[in-house]
Every structure is written in structure tokens, then in C-alpha cells.
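Spelled out from the first residue to the last, the chains are:
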There are 4 protein chains.
Amino acid sequence: MMAIAIMTSGGDCAGMNPAIKQFVDYCFNRKVQPYLIYDGLKGLIDGDIRPATYEDVAGIMHEGGTKIRSSRSKRFFEYKYREQAYKNLQKHNIDKIVILGGDGSFRALNQFHKDFGVNFVGIPATIDNDIFGTEYCLGVDTALNVIRQATDAVRDTSSSFKRACVIETMGRDCGYLALVSAIACGAEVCIIPELDYDLNIIGERLKKEIANGRKYVVCVVAEGCHDNKCTSTQQLVDWLQNDIGIETRATILGHVQRGGNPTVFDRLLASQFATFAVDRLLSGEKGGSVIVYNKSEFDFVSIEYVNSQKYKIKEELLDLARRLVN
Amino acid sequence: MMAIAIMTSGGDCAGMNPAIKQFVDYCFNRKVQPYLIYDGLKGLIDGDIRPATYEDVAGIMHEGGTKIRSSRSKRFFEYKYREQAYKNLQKHNIDKIVILGGDGSFRALNQFHKDFGVNFVGIPATIDNDIFGTEYCLGVDTALNVIRQATDAVRDTSSSFKRACVIETMGRDCGYLALVSAIACGAEVCIIPELDYDLNIIGERLKKEIANGRKYVVCVVAEGCHDNKCTSTQQLVDWLQNDIGIETRATILGHVQRGGNPTVFDRLLASQFATFAVDRLLSGEKGGSVIVYNKSEFDFVSIEYVNSQKYKIKEELLDLARRLVN
Amino acid sequence: MMAIAIMTSGGDCAGMNPAIKQFVDYCFNRKVQPYLIYDGLKGLIDGDIRPATYEDVAGIMHEGGTKIRSSRSKRFFEYKYREQAYKNLQKHNIDKIVILGGDGSFRALNQFHKDFGVNFVGIPATIDNDIFGTEYCLGVDTALNVIRQATDAVRDTSSSFKRACVIETMGRDCGYLALVSAIACGAEVCIIPELDYDLNIIGERLKKEIANGRKYVVCVVAEGCHDNKCTSTQQLVDWLQNDIGIETRATILGHVQRGGNPTVFDRLLASQFATFAVDRLLSGEKGGSVIVYNKSEFDFVSIEYVNSQKYKIKEELLDLARRLVN
Amino acid sequence: MMAIAIMTSGGDCAGMNPAIKQFVDYCFNRKVQPYLIYDGLKGLIDGDIRPATYEDVAGIMHEGGTKIRSSRSKRFFEYKYREQAYKNLQKHNIDKIVILGGDGSFRALNQFHKDFGVNFVGIPATIDNDIFGTEYCLGVDTALNVIRQATDAVRDTSSSFKRACVIETMGRDCGYLALVSAIACGAEVCIIPELDYDLNIIGERLKKEIANGRKYVVCVVAEGCHDNKCTSTQQLVDWLQNDIGIETRATILGHVQRGGNPTVFDRLLASQFATFAVDRLLSGEKGGSVIVYNKSEFDFVSIEYVNSQKYKIKEELLDLARRLVN
């Protein structure tokens, strides 16, 4: 019987478990033996590879994170460890892999393919939504809804008390989460690397609105701002308290955003990503590719294409938020 | 100052409030006076039309339903009531309307336009997702996530006790909600008008799986099945208890699906629908049109186009569910 | 090493998993070997009894239902099956059992104790909250919060459209869930076996309020009403539509109420119930007893006491709801 | 007609809105005119006092925070401002007040009573649960469940990746929230001012467990720890990363804990607190008192009693958490 393995690599996100479940179910449906590689690249090197059973994936649909766990591995940069990984796969006659992760994980598998000819499909999965070539990465919708619930709660209480709140979302180099959250939750200020802003101008606006009766201020800021020479969460809190003169408190959601019950959108996308990835690998197509989702359709692109540019947020989305930085 | 009014008509859904809020905010931004028509067509006829203020829409983003309420009205079929409605608009110099609702509401406004030249844009808003010409209607994502939470809870308890559960979703003529819920929640059976099925075949499968250790069965059924000569919820419960021999209980979510805190997807779509609808009306374009969302892009189509065909669920989505009816 | 087993019996509820987890952790803490009896009385008879490991209970805290499953068993009424069950326990040197369930389950174990001297503690666990001798049964708080979320969603949409909604909660002989939900969610009508009512009087009130501008009506009804000669859900829907003249729709939550992520209250109570039950059994106390929670304190009572009377809802709680039946 | 006013003071919390709604409804029921004092002590001084209508409180049951807003006011310490406040009340013939807040707010009203004889009842409302004389303060149950959801999400993702997470809860001087959350969510470490701990001992335990296969660590810490010479969130993160050698990230929920849809427990308590407070004031009882909830019963105590001691967490609750600090 033909064998395909699945693994999750890099930062985890909601939606990985539904993808793993669909992968296993669909493999059985197509009479292929599914394998689970535990702990990402680490497990690939150390040989933690096991045939999947129905029980392994029963009842995981509504769990955040990834049941087969993830890791980062520097060892995989060395040929000898990749060779060891290849031997592990050979023991099970596995020459096809589905990998959920980001562009770093895809590059790692690409090198692995060049070395040993193992075919693979990458499924873009990261709440940062920062992979070039796809409009959407698995896990983003769930993360956005987690942020929404926190922001709605903050708004309740901020409107009860003249007060500001700064909500820090994940997003190292990409402000997508912060941007969409700010629009969807009706924030007054949004600080992300992609949008130019001037605190003096924002300050003028807030002071005027407060004078006119505004009772509270909700700001959303991307964590990456700190490293991108934007204003950090703490700087924003200090500025609101000292310059604007409003009691302010920070909410830092951190890893909460990676967990939580996956939304329907993430589950449906996970099912389709997994189905098409398996179909691709069973079609006899050689090499490595990434499945992407654009304009409501699925397609496959090369690793080189995904790595050729930096992801950019759509202009029309940035336009919707420009009034939050003026 | 130019004036535009907004109204909600027909069945309400989550996402209407974010659309109303963005409509008001964006009108102010574009220096246009926004008006709210309360109680749908009823309020249009009876003249419950008021200029909107910032306070009217503060803090409504996270509320399900519609703050300006909705209704159905037979009177609007009569010329004299439409004339009365027109006079009400004239008092406020309103000749542009944004209407959220389904195809029936759009047809009503189209007649109104033919009679008196009032321009309008229709925003498709119905949890049934059954409007031809748009992949997506406002409110569907929230409804799906409400159903998901109920289904996940049912699964917890069904797996604790050898038991089946039938979940009835809304959807009179269209099984979209039931279909996507069944796929996303990993149901074992899905009964909708769009998918042929044979209870005998499904029964064979279930009996075999139960013999092999299956502990529970989750079925999703569209309410409309009853009127479409499919198996109804009650018939399915009886069949599971008597023919399959498993204790079974029904969950009928009813109007719960229309309410609930709108998801990020519905809020973002609402913002964009409202923004583009206002832009369209302010551009000087005459007549009536419907804003549609297809392949991640917004476009405008005619009322005639929307009414020309019955909405059909995509084949690839139906394919994902075929194993649930065999 | 001493051995104690845990089992869940009868209808499942949220809070059982946290109790099982705490039972296992606390047994290890007290240097006792914990055992899990799967599938309730069925597993006790058929010998599905296994030593518990840390892995068995990892990550089950937030799951509804019961991971060791439940069942009802008529066989246990027969001596020969009880004897068989006893022999199963003997194989593992188990002479102490913690059982989560209702009064029927406690009676079954009491007979078992009389036959073979197996000591046990019963933890009251049922969303019906209908066990005499304890103010509170495990699972009730989670069920109430599940109903609350549904009712809040229904209210959103009912207030958007002149409309009534009837919400049917679980509760065969006891209207506790319906009563507390009606008070906590601000319902207009509450029909339970414990409260006398007259539909004519309620109808008068509703008609007057509707004439004065009331836009919607929310009714909560206990499922058991049907069997108790109260008005059933369907009768209430018909009455609202025909006699009161308001469009009405039913929501039947069914088993959804047994599932869902256990609330903090249920988790904390579960921890304490399990801890004190283990302490009791290890103290050398003979016989069977039920742990009860009254006035913020835990105590033990006899099976006879629990079975001596029918549970009654506190008068002061009924008083809070009297205006909903007038 | 007799008149009673309600106000919210100090930090807001979920449950205030249900109390306000019940206050208004119950006053109408008892044929008394209810008044709303907006913005707490500030509004009392500045005369923002308005008769309540049914519309003012419609649909607020499920909102966090307080619709009549809150504030802190130093002016109220001065006699002249209290005199001004009294004159404001006289204009409406109000000589009875229900105040939701903490002990500081109760002391303020007590002085007001001594000056001018205005009778009042204080309802303990603070998520810190730190008021002496009552087991429970309004808002605590909702805050705990908000923390639970975040902690469950963090656990999902932490278990996917060898990782630790530190969750900071509110609680300046009282570790109640952190303590109960740690127990209910199965945390591995809990740092609060009330529990002695030794990081070296905790570190030994964690290292041993990690060596035995533990994949993740969840720590809950009260924000007040910083000021109480305990380990702060940042110190804990640094210690986990540097001394224990595990990647660690912080979640700071901040004001999110004050908002959110009130739980059933908080709504029911709010209804009862408000009902009994109104009854007390209408009974002709003079002076000021605080309504308290102990052992499932409501009672009234004096302000002096509430201020006589510092709130202490029950020993049996602390006992449940001792294994988390060893």
C-alpha cells in the first residue's frame, strides 16, 4: 500500500488538527496508508513516525494547536541529519509528505527533496498570514476571532470608565492580524509596520474627540512594531497616559491567539487543503509545491515563487484603516 | 447636504449591525447625512425615518440581529403605499437607499425605483446563503459558527454515551448551512435537498460502523428538507431509534442561528459592503443594483441578474460531503 | 498499594471530566492506585476496568461529557451480574468506588455494597439538579451557561423582528434549569411543573405589553412539562401564534446542554467533590454515602437520606419567577 | 411616589448591568420611581441624575461593564462637594441609594449618610473578590470564566510545542482570581501573595517533570505580586527561560477580565442583590449597610464590619493549591 506522512512545523495554529484529521480520513478513503510524524522536523530526524489510526484523530477537530506537535530544528540544516531523516522514512516506504507550516519549513523540505527526492506539498499555516502567494493562511480566522472576543470585552469595560486600552496582537513582521482586528472591532487607533502614522496627528484627533465627549479609546498594535521602529505597546500606554491624559491599560494576548476551537472557515479550509494536497501527491506529480488559496480557488505554486517576495497586505484593506492613523 | 438612508428587510442576521454602523460612520466621513429607516418596509411606508447620529450606532458592532429592526410587508405590493413611502423620503430629501435583505426585498425596491426613480443598492444578507450571483451573503459565517459550537457540544456528550443526535439547521430551500456544518464538524450523516441519498445505504454503513465500535452518530439536516420531500428531523430521529437501534435526540437551533456576536469575517464583509454601496450611490450611478462578493472581489450586478436563476451550491463543496450520504 | 476506582453512570454532564482528572491526580498524590471503569455499570459487569495513568486524563479538563463514558444497565438489577462485577473488582483488589451520577446510580451501588461490602461515595452529577439533599449537582452551571448563550442570541434576533421564541430546556421532572435560565436571561414567560400558571392571565399581560410597544417575547419551558400535564413546547408555539398573534419559533437545545467546556464553578466543585470523596474512602469509613454541597460546605449523607424525598426548588427562587407566570 | 437611585462606583465589572436592570424592573414592580446616577460619584456631584425608563435598561443584561458608567472622585472627600451632591438628590426627592462598588465606595457613602442622612445599601462588586464579610463579590464568576477560556487556549498551543506560558490575572492585593483559575485550569504553578513559595523548589519539580516527559508548563500569577514582593510576570518569564530553559511567553489579560457577557451565576446574584437591596431600603431601615452573600444566603452587615478586617481566602481553597507552589 502507498504511504503518505503528515507533519506540522514551526509555530502552531488552530486549524492544524482539522487538517490532520481530514488527511487521515481521506487517505483511508483513497486506500493509502497515512503516517504521522510527531514533533515536526525533530521527529523526522529522530524517527518518531507512526502509522495513523482512526483513533489517533477522533475528536481532535475542535482542538486548537496540533496533536502531533511541532518544533523548530537547527539540525535539519546539516546534511547528516537530513540523511538520517530520509532513512527513517525509508523504513516505512514513505516518499510523500504533507507539511503544515510557514516558508521556513517549506524551504527545509525543498532542500530535503533536492537531496533525496522526497515529494511534498506545503500547506501554509501561520496566524501571521505573511506567506507570499496566498491570500490566506490556515489559523488566521480563528486568531482573529479570539482577538475579537477580547476586544469586545475590553470595549464593554472601557466604555464604563473613561479609559484607554491597548491590545497587542501577534505578528512579527506583518500587521495583518492587528489591521483586520482594528477594522472589525471598531478601534480608534491601529499601529502596524505597514501604515505610516504620526502620533502627533493621532493625538490631536483623540484630544478633540475626548473634548467632544468620547469616553474611551481602543488601540490595536502589532507586537512586531517594537522591532520595526514603530511605537511599542508600552510606549503607546505611556503616551496615552502622559500625553493624552487618559488612564490606560494593556492587554497582551500572546499565545492565546494560537489556540482556541477552530472556526468553521479554518476547518473547511483545512479539509480542502488536506484533500487537494493528498490528491496532488497521489497524482504522481514530482517535487515540492505549496497549495495556495486565492480568489476562492486552490492552486499549487513552487517554493521558489513563495520565497520570491515578501507578503504584502492588499491596498484596499489598508485603505479601510487609514482613518485610524490620522 | 446629500442624504442616504439605510434599512434592513426580511429575515434578520448577524452582520447587519456592523453594516449599519459602517454606513453611518462612512457617510459622515463623506459629508453625507445618513438616515435610518426603522422596521424595514413597514417603517418606510409609515414614515419612521430618522437622521442618524453617532450615538445611534455606538456599541452595536457586537450585537446580532438589527438595531433598526426588520419586517415583511404586503402593503408595499400596492402602489398607494409605495407612493406614501416615496413622500416620506421626499420630506427628508432622500433619493438613495441601501437595503440589506434577500432577493424579495431587492425586487420590492426595484419596483419602487421604477415608480419613483429612487436609487438603491442591495446588500445580500441572509443566513440561508441562497442568493444567485454572490458566493456569500452577510450573516452566514456567524450562523455557521453558532451551529459549530452546538455541534461540538453535542459530540462531547454523544461520545460519552452510545447515542445519536440530529441537528436541524435553518435553510428552507437551500442546504448550504447544513452542508458546511456537516463537513466542518465531522458529522456522519448530512441530509439536504441538493444531495441524493438513500437511507438504506446510509443505514448499512452506520450499522457496520457501530458493529466495528462506533460509539455515536451525529446527523445534520436542513429544516427545509421537510418541504422538499426529504426526510425531516423527526423522521430521522424515528429511523435512527427504530431501524438503527440507537437512542437519539434532536437539537433544533431555530432563531439562535440568526443572533450571536458577529464573526470577524461578517464584520469585515459588512464594512466593505457598506462602504462600496455608499460609494456607488454617491458616484451618480442611476437605478438599482446588488453588491456581490465573488472570488474575493466586490462587484455590482442588476436585480434582473440576481433573479434570473436559483442559487446553486458549488459542486466541489457537494463532493466533500458525498461520503456522508452513502 | 491500595486501589480505588471511578465510574460515571446514567446521563452524562459537563464537569465529569474535571472530576475524573482530579480523582486520578489526587490518588497519585495520596499514593493510591486509581482505576478507571469504562462505560459505567456495563463496564463494571463486563470487566472493562483499567489502571489509570497520567496520560489518560491529560487535557480532558475542558471537555464536556465523560471520557470514561457512561451507560444504563438493567443487568445490574440481577444478582448474578452484580456478582460478576464484584469478581472483576477483586481481580484488581479494588474495594472502593467513586461514582458520578444520579440517585438511581447510587441505589444500584448501595445494593452492590449490601451484597459484597464494596464501599463507595456518590458524587451527584446531573444537569437536572434534582437530587434531594444537595443544593447543587455537578454540571448544572455549565448547562445554564449554554442555555444563556442560546437565549441571548435569540433575544438579539427576536428584538429585530416582531417575534416570539420558545426555548425548551432539559429537565424531566424538575424545572430548575428552565427557571434559573428564565430569571437570568430576562424571559417574559417561564413554564415549569413547579409553578402554577394560567395561560389566559399570561396572555392578557402579553397582549397588553404588545399593545404598549413590546417587540418580542421570550419563553422558557422545561421539556418535562409535556409529561407533567403542563403546556408543551409545541402547544406554547401554537398558542403564541394563534391566540397572541405573534410569529413564533422553537429552539430545542437537547443534548447540547450536556456538553460544552465546563465552567470554572463546575471545575472547582468537581475538584473538591473528587478530593473529599477519595479522602472519605481512604479514612476507613465503611458503607456508601453521597457527598453533598450545601451552604458553601461539603458533607456526606446516606443513600437512604437522598432517596427519602423528592428534590424541591427553594421558595425564594420560585418567588423571583412568579411575575413570569402572571 | 417614593424615589430610589442606583449608581456604580470604582472599578467596573460584569454583573453590574443585570443588577441595574433588575433594580429598575423591581422598583416599577414595587411602585417606586427608580433613578440612575451616571458616572458614579462624579455624576452625583455634578447632578447627572435621571429618572429611569424601561428603555434605559432594555437589552443590557448581556453586556459587561456598566451602562451608567463609573468613576473615581477625590472631590467627594470634601464636604462642599458632598453638600452639592445632596442638593442634587433633593431636587428629585431621593433619599435612598443603591451603590455597586468596593469598600472605598461604601465608606464614601457612609460619610455622606453621616452628613445628610441619605440611606443606602452597598452591593459588593469587584472582580478582585477582596471585600471582608462576603464570600462572593459580583463579577468574579464572569472574570474567572474569561480567564479560563484564555488559559484553555494557551494550553492547546503550549502542548503543541515545548513551551511555557505565564498568565497574569487581575488582583492587586488579593490572589483569589489567580488561585481559583490555577486550580480550575490545571496550572502547574500559581504565584499569589497569600501562598509562600520558593522558586528553587518549584524549579526542581518542573525540571524533574520535564525530564520525565512534561511538554509544557502553565503558570498563573496575580498582577499584585509585583507590589507585594512576589515574583512579577516578567521575572517569572525570565526565570522560566533562563533557569528552567523553556521558551516562555506572557499573556496579560488586563481589562478583558472586567468585560464579557455576564455568567448565569453573576446574573442571578445580581438579581437577588438588587431585589433585597430595594426591599431593605423600602422597609424603612435607616443608615447604610452592605448586602453580603455567605453560605448561600443573603444578609446585611454594617460598613464598619466590612472595614474591620482584610478579606482572607479560605484555607481549604489555599490547600487545594499548595502542590502548585511546591
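The name recorded for chain A in an unreviewed UniProt entry is 6-phosphofructokinase, from Arcobacter arenosus. Its UniProt record gives chain A the following Subcellular location (unreviewed entry) comment, quoted word for word: "Cytoplasm". You can read under Cofactor (unreviewed entry) in the UniProt record for chain A the words "Mg(2+)".

Residue and element names in this part refer to chain A. Spatially, 7 strands are ordered β3-β2-β1-β4-β5-β10-β11 in an open sheet, and the strand pairing comes out mixed. Since the sheet does not close on itself, it has two edges, and those belong to β3 (49–51) and β11 (297–301), each with one partner. For this sheet, the mean inter-axis angle between neighbouring strands, taken without regard to orientation, is 25 degrees. Relative to strand β4 (residues 96–101), strand β1 (residues 3–8) runs parallel, the two being bridged by 4 bridges. Pairing of A5 across the sheet is with I97, part of β4. Where helix α10 (residues 264–282) meets the sheet, it contacts β1, β4, β5 (119–124), β10 (288–294) and β11, and its direction lies at approximately 165 degrees from that of β5.

One copy of the chain maps onto the other through a rotation about an axis followed by a shift along the same axis. Rotating chain A by 180 degrees and translating it 0.0 Å along the rotation axis places it on chain D, where the RMSD comes to 0.0 Å. The superposition operator between the copies reduces to a two-fold rotation axis. For chain A, the minimum C-alpha distance to the rotation axis belongs to A:I252 and amounts to 2.4 Å.

To continue, consider the packing of helix α10 (residues 264–282) of chain C against helix α7 (residues 176–184) of chain D. At a minimum axis distance of 9 Å, the contact between α10(C) and α7(D) shows a crossing angle of 70 degrees. For the element pair α10(C) / α7(D), the angle class is roughly perpendicular. Facing α10(C), whose interface residues are C:V264, C:R267, C:L268 and C:S271, α7(D) presents D:V180, D:I183 and D:A184.

Each domain of chain A was delimited in the assignment, giving domain 1 (3–127 + 264–294) and domain 2 (143–256 + 315–325). Spacing between the C-alpha centres of domain 1 of chain A and domain 2 of chain A amounts to 37 Å.

Chain A puts 35 residues into the contact, and the matching count from chain D is 35 residues. Counting each side, the surface lost to burial between chain A and chain D is near 2,800 Å², with a carbon and sulfur contribution of 53%. If you sort the residues of chain A by the area they bury against chain D, A:F161, A:R249 and A:H255 come out on top, with a joint share of 24%. Taken together, chain A and chain D are joined by 4 salt bridges. Put simply, A:R163 and D:D12 hold a salt bridge, and the shortest N to O gap is 2.7 Å. Linking chain A to chain D there are 19 residue pairs in polar contact (both at pLDDT 80 or more). Only α6 (140–158) and β9 (248–252) of chain A provide two or more residues apiece to the side of chain A that touches chain D. Within the side of chain A that touches chain D, the residues separate by chemical class into 9 nonpolar, 15 polar and 11 charged.

Here chain A shows a mean pLDDT of 94. Residues at 70 or above account for 99%. Model confidence for the complex: the whole-complex pTM is 0.96, and ipTM, which rates the interface, is 0.95.

Before going further, it helps to spend a moment on the side chain of D:K21. Its place among the elements puts D:K21 in helix α1 (residues 16–29). If we ignore the near neighbours within four places in the chain, the residues touching D:K21 are D:Y54, D:V57, D:I60 and D:M61.

With the rule as written, the count across this model stands at 68 salt bridges over all chains. When the shortest N-O distance is used, the salt bridge between B:R214 and B:E188 registers 3.2 Å. Here the residue B:R214 occupies a position in the loop between α8 (199–211) and β8 (216–222), and B:E188 occupies one in the loop between α7 (176–184) and β7 (189–191), the gap between them amounting to 26 residues. The residue D:D95 makes a salt bridge to D:K96 at a minimum N-O spacing of 3.1 Å. Relative accessible area serves as the criterion here: at 33%, D:D95 is assigned to the partly exposed category. Its relative accessible area of 10% is what places D:K96 among the buried residues. A single salt-bridge network, built from bridges that share partners, covers A:K42, A:D46 and A:R75.

The next point concerns the side chain of D:T169. Residues and elements named next belong to chain D. Positionally, T169 belongs in strand β6 (residues 163–169). Under the relative-accessibility criterion, T169 is labelled buried at 1%. Once residues within four sequence positions are removed from consideration, T169 is found in contact with I147, L177, A178, V220, V221, A222, E223 and Q257.

Residues and elements named next belong to chain C. Reading across from one edge, β3-β2-β1-β4-β5-β10-β11 is the order of the 7 strands in this open sheet, with mixed pairing throughout. Looking at the sheet topology across the chains shown, the edges are occupied by β3 (49–51) and β11 (297–301). Pairwise comparison of adjacent strand axes, ignoring direction, gives a mean angle of 25 degrees for this sheet. The sheet contact formed by strand β4 (residues 96–101) and strand β5 (residues 119–124) spans 6 bridges and is parallel.

With that settled, consider the packing of aromatic side chains. Between two aromatic rings, the relevant description is the distance of the centres plus the angle of the planes. Considering all chains together, one arrives at 38 aromatic pairs over all chains under this definition. Each ring, one from B:F112 and one from B:F116, has its centre 5.6 Å from the other, and the planes form 65 degrees; the classification is edge-to-face. Linking B:F112 with B:F116, this pair stays in helix α5 (residues 103–116), spanning 4 residues, or about one helical turn. Just as B:F112 is buried, B:F116 falls in that class too. One aromatic cluster in this structure is built from A:F76, A:Y79, A:Y86, A:F112 and A:F116. When the ring centre of A:Y216 is taken as origin, the NZ or CZ atom of A:R214, which lies over that ring, is 5.9 Å away.

Thresholds applied
- Residues numbered from 1 in each chain as written.
- Chains lettered and ligands numbered in written order.
- Predicted model: local features only at pLDDT ≥ 70, side-chain atom pairs only at ≥ 80, totals over all residues.
- Heavy atoms only, no water.
- UniProt positions renumbered as here; feature names shortened; annotations may be inferred.
- Pairing = 2+ DSSP bridges.
- Helix = DSSP H or I, 4+ residues; strand = E, 2+ residues; numbered from the N terminus.
- Axes fitted to C-alpha atoms, helices over the stretch in contact; angles between N-to-C directions.
- Contact = heavy atoms within 4.5 Å.
- Least-squares fit on C-alpha atoms with pLDDT ≥ 70 in both.
- Parallel < 35°, antiparallel > 145°, perpendicular 65-115°, else oblique.
- Domains from an automatic or database assignment.
- Buried area = accessible area lost by both parts, 1.4 Å probe.
- Salt bridge = Lys/Arg side-chain N within 4 Å of Asp/Glu carboxyl O.
- Polar contact = N/O pair within 3.5 Å; in protein donor to acceptor, adjacent residues only side chain to side chain.
- Nonpolar A, V, L, I, M, F, W, Y, C, P; charged D, E, K, R; others polar.
- pLDDT = per-residue confidence, 0-100.
- Buried < 20%, exposed > 50% of the residue type's maximum accessible area, 1.4 Å probe, protein only.
- Phe/Tyr/Trp six-rings, centres within 6.5 Å; stacked < 30°, edge-to-face > 60°.
- Lys NZ or Arg CZ within 6 Å of the ring centre and 35° of its normal.

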